[in-house]
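Listed here are the chains, written in short residue letters.
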Amino acid sequence: MALTDLKSFDKPSLEEFLIKKEGLPAFRAGQLLHWMYEKNVTGIGEITEFSKTLRESLSQKAFISTLKVKERLTSGDGTEKYLFELDDGNFIESVLIPPDVDQDRDKKIGRNKEPGSKADTLADKTPRLTLCISSQAGCAVGCRFCLTGKLGFIRDLEPREIVEQVLSVQRHIAPRKITNIVLMGMGEPLNNLKNVAAALVRLTEFLHFPKRRITLSTAGIAPRITELPQVAPMVNLAVSLNATTDETRSLIMPINKRYGISSLMQAIRRFPLPPRGRITFEYVLLGGINDSQADARRLVKLLHAIPSKVNLIPFNGHEGSEFQTPSAERVLAFQKALTDSGCTAIIRKSKGADILAACGQLKAKYELKK
Ligand code: SF4
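Quick caveat, the model's predicted, so the values are computed rather than measured.

Caption draft 1: Representation of the domain arrangement of the protein within the structure. Entries for the protein in the domain assignment read domain 1 (4-63) and domain 2 (68-355). Just the C-alpha atoms count here: the centres of domain 1 and domain 2 sit 34 Å apart. Counting residues at the interface gives twelve residues for domain 1 and ten residues for domain 2. For the pairing of domain 1 and domain 2, the buried interface totals around 990 Å² over both sides, and the portion due to carbon and sulfur atoms is 58%. The largest contributions to the domain 1 side of the interface with domain 2 come from K7, Y37 and N40, which together make up 56% of the buried area.

If you want it as structure tokens, here you go:
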């Protein structure tokens, strides 16, 4: 008889499984979730809150799935890339990003505060350790500056595969703690919205990861931005904007032909924000393409009256890339134009470029399509 994966269940279906198949009371589901997510055990035998008899009988019908770490690479700057092999032989990657040089500045401007939150108080004393996780194997969106986009779409990740990236890396790095999660790895999260929403429920309700420390990054699937708050826990939203005219954006992000800048900005303006919340705009600076002063001025106009901050990410050249890294002068001038107009704009140093873990460099073990 095939064993049932206990991590495949949400809470109601886990309760149903335990009641119907095991004749156990519903409260056992809460205990199981606590051990699988908060205590992060990988085997039923480790659940010492259950009697030996119960552990043995449950083990004959069920198991707790994990993801296999196939490879772990560490960059010279401390970034760690985890390559996971999925049950069907596909691969995905997660990237653990060490404390950021901007962390002190973030604190000064009050970013990431969740007043009164115990978890946030603890995290404030802990060095920020951000895990960037994948939501799909490959990606259909095809941004031209991104290696994952060049793979094409392979498949959606299941909720357990999304969450297990967090649990698995946490087991590897203990006693260090993941303090922030970003869905910015392989894949477009809003193209796998149902499973991403289910994964966010598991992260926030089972693992009790603070919502304000989770960020979902999208290439701009406008209708799904509208749908997101109705179907998923309220986490931070980041939008990969990267251009200020439809012409340039469509050139580097073909998705823009479907959801142009004006419909995207309309969806963003309607996105409900918590008090002091703001939208993050990711802007990959491509030398000579989107890094002019005119672009900076248009960006200021686009973001007018939106509580926001801009992450400027100078493009990382990679093998076969058709874009250039912008000069340091142009990057600084772009940032100055934004900050002079009252925008919060932070230059994000690309980390992990030497192990292909920087933004847009994830391609797992796949050979790229020509
Ligand atoms: S940047 Fe994100 S959305 Fe665009 S192709 Fe890469 S993984 Fe997909």
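Caption draft 2: Quick look at the environment of C139. Considering the arrangement of structural elements, one finds C139 in the loop between β7 (136-138) and α6 (147-151). As for C139 and I279, which are separated by 140 residues in sequence, their C-alpha atoms are 23 Å apart. The contact partners of C139, leaving out residues within four places of it in the chain, are T148, G149, G152, F153, G187 and E188.

Caption draft 3: Main features of the site of the ligand. Every residue close to the ligand is listed here: C139, V141, G142, C143, C146, T148, G149, G185, G187 and A219. Class assignment for the residues of the shell around the ligand results in five nonpolar, five polar and no charged.

Caption draft 4: Spotlight on the pairing of strand β9 (residues 180-183). Judged by which residues are buried, β9 turns out to be covered on both faces: N180 and V182 on one side and I181 and L183 on the other are all buried. Sheet topology note: the strand β6 (residues 130-133)/β9 ladder contains four bridges and is parallel. Paired with L131 across the strands is I181, a residue of β9. Across three bridges, β9 lies against strand β10 (residues 214-218) in parallel orientation. Across the sheet, residue V182 finds its bridge partner in β10, namely T215. For the crossover from β9 across helix α8 (residues 193-206) to β10, the handedness is right-handed.

Rules behind the numbers
- Residues numbered from 1 in each chain as written.
- Predicted model: local features only at pLDDT ≥ 70, side-chain atom pairs only at ≥ 80, totals over all residues.
- Heavy atoms only, no water.
- Domains from an automatic or database assignment.
- Contact = heavy atoms within 4.5 Å.
- Buried area = accessible area lost by both parts, 1.4 Å probe.
- Helix = DSSP H or I, 4+ residues; strand = E, 2+ residues; numbered from the N terminus.
- Near = heavy atom within 4 Å.
- Nonpolar A, V, L, I, M, F, W, Y, C, P; charged D, E, K, R; others polar.
- Buried < 20%, exposed > 50% of the residue type's maximum accessible area, 1.4 Å probe, protein only.
- Pairing = 2+ DSSP bridges.
- Right-handed = clockwise from strand over helix to strand, strands pointing away.

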